[in-house]
Structures are given as structure tokens and as C-alpha cells.
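Close look at the chain arrangement
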Amino acid sequence: MYTYSYFPGCSLHGTAKEYDHSLRLVAGKLGVELQELEDWSCCGATAAHSTDELLALALPARNLRLAAMTGRPLLAPCVMCFNRMRVTQHQLENPARRQAVEAILAEAAGRPVGEPATAPSQPPVEVLGLLQAFGNDEMLAAIEAAVTRPLKGLKAVCYYGCLSVRPPEIVHPDSLENPQVMDRLIAKLGAEVLDWPFKTECCGGSLALARIDIVLALGRRLLSMARSVGADCVVTACPMCHSNLDTRQKQINAKFGESFKLPIYYVTELMGLAFGYSASDLWLNKHLTA
Amino acid sequence: MLTFKADQPVAGNALLRAIQEQSGARVQDCYQCGKCTAGCPVSSFMDLMPRQVMRAVQLGQADLALHSSTIWLCASCETCSARCPMEIDVAGVMDALRHLALARGIQPAEKNVVLAHRVFLESIKRLGRVYEVGVVAGLNLGTLHPFANVVDVGLPMFLRGKLNIIPERATRGEVKRIFVNVKGT
């Protein structure tokens, strides 16, 4: 049905490999073909845009160039990668920036400096996140049809986080403050999707490396709210959100005397369960909070 | 350092001009409503509120803004930018202030945050991709907390096969040359 260039990014080849694995399973089931972008490199994430404007553009631009040469739209399920590539495309609409970045890339790749990164007639590659690729009406119908084991009785809150909704003029969410696209998808799986006010609140992201205290405090707020609305689980499409809520849940419990036991699922994992795959098929044992 | 000219000439102090040139954000439009601060998930950990950083930039108080913990604790969630009634890209201002602070060699108020960025980028530079185990090890060595998160988080992740032992890499040298070229401009 669809063929995408697939940009897994560092997380989906590392700490979020269960996201990569479950995505490949459900994409296969839905007839979506994923062709991993050859020789992809890191998008630079928070570290690059916090320290160097040009580097923050050059790193995603290298991948955008590789993707443009495939002629296919690019699926970047990690919302950090998705966001950085969308922002880079937007920033490179400025001719001065574009020229500077193209010169850097050409030189690094050993191409003549004047050669444009993409042919002028070539349209910019379409960059899609997981929710863009699987949340449209056509895919929702296909998802609904693929459900063999509806997730009846499961109460889920959808956690969009920051990067899939902001900046809104660049990532174009269906709503800035109250997005519905993931809610609709999870509802198609038969789960009961609960409303909650923290859909687009921040988990602290990469502060997990240097200021764990902040990430634990933000995680506690999020988990408390999820619990208070009666959720059995939290659903996300973001490896940072997943890591900060799943991997850190034990630390949150220890630090604040809490007793959270809320599984955090990737969207693709719940899709996989509803499509009839088992927990071990989906590598759910990789989660720290079961 | 390469800077990009704003579309319109900017009046005001040197800091204001530098920040607008780099971020495109019209900081002078801020009327201190505080919406950025109200929605900021990290504000309670900051020394200056985001609103105060905006005011410092308006007033040209570079010392105040560039030495604040705020610029390094900003998680780039962009809630402030999305909600600003004057459509000022507050998060973009934070990025521009970080860049300026680094360019001026200012000792960051949150040195571990900067160290984490450096270690992370070093991994990309060497391998083209982030090697998560190496990043945490590098950070733990740099902060002199060699066993931070090892028992609680690292070990369980390792046992579940979430940590790669062998780093992956993209084409040897190309990404490294991007880093070198960026610094050379």
C-alpha cells in the first residue's frame, strides 16, 4: 500500500529496539513497506541545536539528502528525528542557510562544493512521523480491519509529548493543545481511551542525562495524572518519553515513595497486541515496568 | 561563527540585536505577560523565569541572561513559543542564548548539562550515530559519578538487551568532517 524510506534513528537501534521491532511487525501486517535508509546518521537531537545552529541543520540535512535520492517519503518514528528533520527543512528555506549547509555537506562527502544537494526540480522529501503515517483515515480503516484481538477493557491515556505537536507551524498537529490522532488510532484497537490534561506536557527529554532529579519530578507528575484519571497504561510514540516514564519508574517510586506500576507502551506495541501478536513476539519483556 | 541577518534592521541593544539576528525572534515585542513561565514544565528548577530572561534580553543584561541556569535547563519543549500571544519563539531565544554563552566561553550555570551535550555530540562525531552506552560512560566519568544509574537503570536495561555492546556507525569520517566544517565557517 505504502513504501517508505525508514529512518530508525539511534534510539530505535538501541534503547528503543522494541519500538523498531513492533513497528516492523505491524507495518508488515498492514502492507506498509519500510526500506531502511542506507548509511543514515544521527539527527543531532537536543545536543546539536542547543550548542550550534549550523551543526543542528547539517546533521539532519545529510539524512534528508539521502532520503531525497530514494524518491520516497521518509518515515521517522522517533519524534525527535521527525521533529529535527521537519525543522531543518523549514530553516533551509532560507537561501543563506541552505547554501552554507550544502557547502558543508558537499565538502564532507567529497563532492564538488557548488553541486546542489538535490536537483532544483526535486521536491523536498516528505517527512512523516509515526502518527502522520498511520493516523490518516485510510490507514485507520486498515488498522481496524487488521484487529483480531480487540483490547477490550484496557484503559489508555495517549501521551503525545512535545515534539509531535510543536512547533505547530512546522509539524502541523491536528490540534496543538488537545491532539486526537493517537486517541483515534488506539480507539480503533478496541481500547478505552481516556481523556487527560497532560497529553502534550514535557517529560524533560534529554535532561535525563544531566538532571535526573528534574526528569523524575516531571515523570511523577505525568504518572500521577495518568493514575488519577484511571489509566491502566500510557501510550507514546516517543522513545524519550518512553525511557523517562518506563525506565525511570522504579527511581520515581523510590524517590517519592510512590508505587506506580503503569506500563508505558509504544503505539505500535498496542497495535501488535490487537493484531494478535503475543507479548514475547513484540519484545515487551524489554520494558522495565511490566 | 556564522550569523544570519534578520529581515528587518533591529533597534535596541547589542544583545537584543544578536539574539534576533540568530533566532529571528522579536524579543522587543514581549510585554511580560508571563504565559511562557506559566506553561514551562521546568520553571520551578530555574533561577530566572523564562519571562525574566526575555526582559534581560530587552534590557541588554547579557550577564544576567548568559549566566542563568534557565538557558541550560530549558528542555526545548517549545510550550512557551507555541503559546506566546506575541508569537515570540522563546525556545529559539534560549537556543540563541546558549550559543552565545558558549561562543563567549561563559562558565555555564549547569555544567553537567553542557557536558552531556558535548559527550553526546562526541559520539556522533566519532561514529555518525549515538552510542548510548558510551554516552553514559563518558558522562559518568566527566561528572566523577562512575556508577550513577548503573544499578537502577543500566543493569536492567543491559539484561533486557536494550543496550548495544558494539557501537553502530555511519560512513566512516563523513559525519566527522561535517563537525570540522561547521567549526571552520
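Residues numbered from 1 in each chain as written. Chains lettered and ligands numbered in written order. Predicted model: local features only at pLDDT ≥ 70, side-chain atom pairs only at ≥ 80, totals over all residues.

1. As for the overall build of chain B
Filter applied, for reference: For helices the rule is a DSSP run of H or I covering at least 4 residues; for strands it is a run of E covering at least 2, with both sets numbered from the N terminus onward. Burial is judged by counting other C-beta atoms within 10 Å of a residue's own C-beta: 20 or more means buried, 12 or fewer means exposed, and anything between counts as partly exposed, with every C-beta placed from the backbone. By definition, residues are in contact whenever their C-beta atoms, placed on the basis of the backbone, come within 7 Å of each other.
Across its full length, chain B carries 11 helices and 0 strands. Going from N to C terminus, chain B has its helices and strands arranged as α-α-α-α-α-α-α-α-α-α-α. By principal-axis analysis of the C-alpha atoms, chain B measures approximately 55 × 40 × 30 Å. Taking all 185 residues of chain B together, 43% fall into the buried category. Across chain B, the fraction of contacts at a sequence separation of at least 24, relative to all contacts at a separation of at least 6, is 60%.

2. Some points on the overall build of chain A
Short version of the rule: Atoms counted for the radius of gyration: C-alpha only. Globule rule: 2.2 Å times residue count to the power 0.38.
For chain A, the count of helices and strands is 15 helices and 8 strands. For chain A, whose C-alpha radius of gyration is 19 Å, the value lies close to the compact-globule estimate of 19 Å for 290 residues. The dimensions of chain A, computed from C-alpha atoms along their principal axes, are 60 × 45 × 30 Å. Put simply, chain A has 290 residues, and 57% of those count as buried. Within chain A, counting contacts between residues at least 6 apart in sequence, those at least 24 apart form 78% of the total.

3. Here we look at the pairing of strand S7 (residues 233–236) of chain A
Residues and elements named next belong to chain A. Note the cut-off: Here, a strand pair is defined by DSSP locating no fewer than two bridges between the strands.
Judged from the 4 bridges that link them, strand S5 (residues 155–159) and S7 form a sheet pairing that is parallel. Residue pairing in the sheet places Tyr 159 in a bridge with Thr 236 of S7. As paired elements, S7 and strand S8 (residues 264–266) share 3 bridges and run parallel to each other. Within S8, the position partnered with Thr 236 by the bridge is Tyr 266.

4. Brief notes about the domain arrangement of chain A
All names here are of chain A. What counts, and what does not: Where a domain begins and ends is set by an automatic assignment or by a domain database.
For chain A, the domain assignment lists domain 1 (2–128) and domain 2 (146–286). Measuring from the centre of the C-alpha atoms in domain 1 to the corresponding centre in domain 2 gives 25 Å. Between domain 1 and domain 2, the residue contacts involve 24 residues of the former and 26 residues of the latter. Elements that contribute at least two residues to the side of domain 1 that touches domain 2 include exactly helix H1 (9–12), helix H2 (17–29), helix H3 (45–51) and helix H5 (79–91). Counting residues per element, the side of domain 1 that touches domain 2 draws most heavily on H2, which supplies 9 residues.

5. Here we look at the domain arrangement of chain B
One can read the domain layout of chain B as domain 1 (14–103) and domain 2 (111–184). Distance from the C-alpha centre of domain 1 of chain B to the C-alpha centre of domain 2 of chain B: 28 Å.

6. Structural notes on the interface of chain A and chain B
Quick reminder of the rule: Each residue receives one of three labels: charged for Asp, Glu, Lys and Arg, nonpolar for Ala, Val, Leu, Ile, Met, Phe, Trp, Tyr, Cys and Pro, and polar for the others, Gly being one of them.
Counting residues at the interface gives 53 residues for chain A, matched by 51 residues for chain B. If you list the elements that add at least two residues to the side of chain A that touches chain B, you get H3, helix H4 (53–70), helix H6 (95–109), helix H11 (207–210), helix H12 (212–228) and helix H14 (249–256) of chain A. Classifying every residue of the side of chain A that touches chain B gives 26 nonpolar, 15 polar and 12 charged.

7. Topic: helix H15 (residues 267–274) of chain A
Residues and elements named next belong to chain A. Across the 8 residues that make up H15, a large majority, 8, are buried. Among all positions in H15, only Val 267, Thr 268, Glu 269, Leu 270, Met 271, Gly 272, Leu 273 and Ala 274 are buried. Where the residues of H15 are buried, they touch H2, helix H7 (130–134), helix H8 (137–146), helix H10 (181–188), S7 and S8.

8. Notes on the packing of helix H8 (residues 111–127) of chain B against helix H11 (residues 174–184) of chain B
All names here are of chain B. Quick note on the threshold: Here an axis means a line fitted to C-alpha atoms, over the contact stretch when the element is a helix, while the angle between two N-to-C directions is reported on a 0 to 180 degree scale. We call two directions roughly parallel when the angle between them is under 35 degrees, roughly antiparallel when it is over 145, roughly perpendicular when it lies between 65 and 115, and oblique otherwise.
Two elements in contact, H8 and H11, have axes separated by 5 Å at closest approach and are oriented at 125 degrees. Of the possible angle classes, the one that applies to H8 and H11 is oblique. Contact residues: H8 offers Ile 124, Lys 125 and Arg 126, while H11 offers Val 175, Lys 176 and Phe 179. Each residue belonging to the contact of H8 with H11 can be placed in one class, and the counts come to 3 nonpolar, no polar and 3 charged.

9. Thoughts on the sheet that holds strand S4 (residues 127–128) of chain A
Residue and element names in this part refer to chain A. Strand order across the open sheet formed by 4 strands is S2-S1-S3-S4, with parallel pairing between neighbours. Every other strand in the sheet has two partners, leaving strand S2 (32–36) and S4 as the edge strands with one partner each. In terms of strand pairing, strand S3 (residues 74–75) meets S4 through 2 bridges, oriented parallel. Paired with Leu 75 across the bridge in S4 is Leu 128.

10. Brief notes about the sheet that holds strand S6 (residues 192–194) of chain A
All names here are of chain A. If you walk across this open sheet you meet the 4 strands as S6-S5-S7-S8, and the pairing is parallel. Each edge of the open sheet is held by one strand with a lone partner, namely S6 and S8. Within this sheet the neighbouring strands show an average axis-to-axis angle of 40 degrees, counted without direction. Strands in contact with H10 are S5, S6 and S7; relative to S5, the strand with the most contacts, it is inclined by about 150 degrees.

11. A look at unusual backbone geometry
Residues Arg 166 of chain A and Pro 167 of chain A are joined by a peptide bond in cis, for which omega reads -5 degrees. Unusually for a residue other than glycine, His 172 of chain A sits at a positive phi of about 50 degrees. Residue placement: His 172 of chain A occurs in the loop between helix H9 (168–171) and H10. For His 172 of chain A, a count of 11 C-beta atoms within 10 Å translates into the label exposed. Unlike most non-glycine residues, Gln 32 of chain B shows phi in positive territory, near 65 degrees.

12. Re the environment of Gln 91 of chain A
Residues and elements named next belong to chain A. Along the chain, Gln 91 falls in helix H5. Residue classification places Gln 91 among the partly exposed positions, given that 19 C-beta atoms sit within 10 Å. Sequence separation between Gln 91 and Leu 57 is 34 residues; the distance between their C-alpha atoms is 7.8 Å. Dropping the residues within four chain positions of it, Gln 91 is found in contact with Leu 57 and Arg 97.

13. Considerations on the packing of H12 of chain A against H14 of chain A
Residue and element names in this part refer to chain A. Two elements in contact, H12 and H14, have axes whose closest approach is 10 Å; the angle formed by their N-to-C orientations is 95 degrees. It follows from the interaxial angle that H12 and H14 lie roughly perpendicular. For the pair formed by H12 and H14, the contact residues are Leu 216, Gly 219, Arg 220 and Leu 223 on the first element and Gln 251, Ile 252, Lys 255 and Phe 256 on the second.

14. Points about the environment of Glu 102 of chain A
All names here are of chain A. Position of Glu 102 relative to the elements: it lies in helix H6. Note on Glu 102: 21 C-beta atoms within 10 Å, which makes it buried. With 37 residues separating them in the primary sequence, Glu 102 and Arg 65 have C-alpha atoms 9.7 Å apart.

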